[in-house]
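The residues making up each chain are set out below.
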Amino acid sequence: MPAPDRPPATAIIVGAGRGTRFGAADKVLAPLGGRPVIAHALDAAEAAELVTTIVVVAGEHVLDTVAELTASGAWPKVVATVPGGRRRQDSVAAGLAAVPPGTPLVAVHDAARPLASPALFDACLIAADRCGAAIAALPVADTLKRVEEGRILQTVSREGLWAAQTPQAFRLDLLRRAFALAVERGLEVTDEASLLEALGTVVTVVPGSLANLKITRPEDLEIAEALLASRRSAHGVMG
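Residues numbered from 1 in each chain as written. Predicted model: local features only at pLDDT ≥ 70, side-chain atom pairs only at ≥ 80, totals over all residues. Heavy atoms only, no water.

Trainee: Describe the overall build of the protein chain, naming the residues involved and giving the relevant values.
Mentor: Along the protein chain, the regular secondary structure elements total seven helices and 11 strands. For the protein chain, whose C-alpha radius of gyration is 18 Å, the value lies close to the compact-globule estimate of 18 Å for 239 residues. Taking the principal axes of its C-alpha atoms as reference, the protein chain extends roughly 55 × 45 × 35 Å. For the protein chain, the residues scored as buried account for 45% of the 239 residues in total. Once local pairs closer than 6 in sequence are excluded, the contacts in the protein chain between residues at least 24 apart make up 73%. Taking the average location of the 23 positive side-chain charges in the protein chain and that of its 26 negative ones, the two points are 4 Å from each other. (Helix = DSSP H or I, 4+ residues; strand = E, 2+ residues; numbered from the N terminus. Rg over C-alpha atoms; globule rule 2.2 N^0.38 Å. Buried < 20%, exposed > 50% of the residue type's maximum accessible area, 1.4 Å probe, protein only. Contact = heavy atoms within 4.5 Å. Lys, Arg positive; Asp, Glu negative; His and termini not counted. Charge placed at Lys NZ, Arg CZ, Asp CG, Glu CD.)

Trainee: Which residues make up the confidence of the model for the protein chain, and what values go with them?
Mentor: Averaged over the protein chain, the pLDDT score is 91; the fraction of residues at 70 or greater is 92%. Considering each helix and strand of the protein chain separately, the mean pLDDT is smallest for helix α7 (residues 218–234), with a value of 89, and largest for strand β6 (residues 105–110), with 98. (pLDDT = per-residue confidence, 0-100.)

Trainee: Describe in detail the packing of helix α3 (residues 88–97) against helix α5 (residues 172–185), supporting the description with residues and values.
Mentor: α5 packs onto α3 with a crossing angle of 135 degrees between their chain directions and a minimal axis gap of 11 Å. By the angle between their axes, α3 is oblique relative to α5. Here the hand of the crossing between α3 and α5 comes out left-handed. The residues of α5 that touch α3, namely those facing Gln89, Val92, Ala93 and Leu96, are Leu172, Leu175, Arg176, Phe179 and Ala182. Grouping the amino acids of the contact of α3 with α5 by side-chain chemistry returns seven nonpolar, one polar and one charged. (Axes fitted to C-alpha atoms, helices over the stretch in contact; angles between N-to-C directions. Parallel < 35°, antiparallel > 145°, perpendicular 65-115°, else oblique. Left-handed = near helix turned anticlockwise from the far one by under 90°. Nonpolar A, V, L, I, M, F, W, Y, C, P; charged D, E, K, R; others polar.)

Trainee: Would you mind going over the pairing of strand β10 (residues 162–171) in detail, with residue names and values included?
Mentor: The pairing of β6 with β10 spans four bridges and is antiparallel. Its bridge partner being in β10, Val106 is matched across the sheet by Phe170. For strand β7 (residues 133–139) and β10, the ladder comprises six bridges, and the chain directions are antiparallel. Among the inter-strand pairings, Ala133 is bridged to a residue of β10, identified as Phe170. (Pairing = 2+ DSSP bridges.)

Trainee: Describe the nonpolar core, with residues and values.
Mentor: Residues Ile13, Ile38, Leu42, Ile54, Phe121 and Leu125 are the most contacted members of the largest nonpolar core, which totals 35 residues. Ignoring anything within four residues of it in the chain, the contact list for Leu42 reads Ile13, Ile54, Val56, Thr70, Trp75 and Val78. Ranked by size, the runner-up nonpolar core spans 21 residues in total, among them Val82, Val106, Phe179 and Leu195. (Core = buried A, V, L, I, M, F, W, Y, C linked by side-chain atoms within 4.5 Å.)

Trainee: Any chance you could break down unusual backbone geometry for me, citing the residues and the numbers?
Mentor: A cis amide bond links Thr166 with the next residue in sequence, Pro167, at an omega value of 15 degrees. Within the element layout of this structure, Pro167 appears in strand β10.

Trainee: An account of the environment of Glu159 is requested, with residue identities and associated values reported.
Mentor: Mapped onto the elements, Glu159 comes out in the loop between β9 (151–156) and β10. Exposure remark for Glu159: the relative accessible area of 72% places this residue in the exposed category. The spatial distance from the C-alpha of Glu159 to the C-alpha of Ala141 is 9.5 Å, given a sequence separation of 18 residues.

Trainee: For the environment of Thr155, give the residues involved together with the corresponding values.
Mentor: Looking at the element boundaries, Thr155 is found in strand β9. Judged by relative accessible area, which is 46%, Thr155 ranks as partly exposed. Here the alpha-carbon distance between Thr155 and Lys145, two residues 10 residues apart in the chain, equals 4.5 Å. Filtering out sequence-adjacent residues up to four positions away, Thr155 remains in contact with Thr143, Leu144 and Lys145. At a separation of 2.7 Å, a polar atom in the side chain of Thr155 contacts the side chain of Lys145. (Polar contact = N/O pair within 3.5 Å; in protein donor to acceptor, adjacent residues only side chain to side chain.)

Trainee: Outline the state of the cysteines, supporting the account with residue identities and numerical values.
Mentor: What the rule picks out here adds up to zero disulfides. In this structure Cys124 is a free cysteine whose sulfur lies 12 Å from that of Cys131, the closest cysteine sulfur available. Cys124 sits in the buried class, given a relative accessible area of 0%. For Cys131, a relative accessible area of 34% gives the class partly exposed. (Disulfide = S-S within 2.5 Å.)

As structure tokens, this is what we get:
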């Protein structure tokens, strides 16, 4: 149960992508530590104190398998598994439509980020409750180059640049207004924070984690395996 002074929240776990760069359409079902990638993201949302319900959004190509997985009872907070859309924002909109009435906060999280911690969900939700919108992010550490046709055009200053992660948490009314604005203006974005920025809402940054990587390419899965094994070893968990 959420703390008495914190409102309940719904986590929307989005796994509707086609896995083009990964090389397999069913990326969220790829095995990680002997379980599907999406299962680990669900574990984090289930364990988050402020999350009281979970909505899962899956692509049509994996919907039946994901629905069977979420119906197993392993994640009691799951209240709906719904099909996604062509674009990310279409999939998130489908998730928003399934949020239970009376839920003031939502956290949107990529199913392909299996190693987010429950504490990160809670931190983003606390910040969103206070400020309206908050995302997990990390300062950019690498030197950035602008490249065209395989040639460097210039070095880009990384000062003030942060790499966005998920969870991204919002007051539900604000996020719904932002989606309505996107439809009105024909906006197409790659994350929900961009919609809030278009609405003129200040988005707060919560420090993310290097472990909270997104499974995009096959080698990312190998890194996640190593991180998961290290985490299990640190906690004395076998397998």
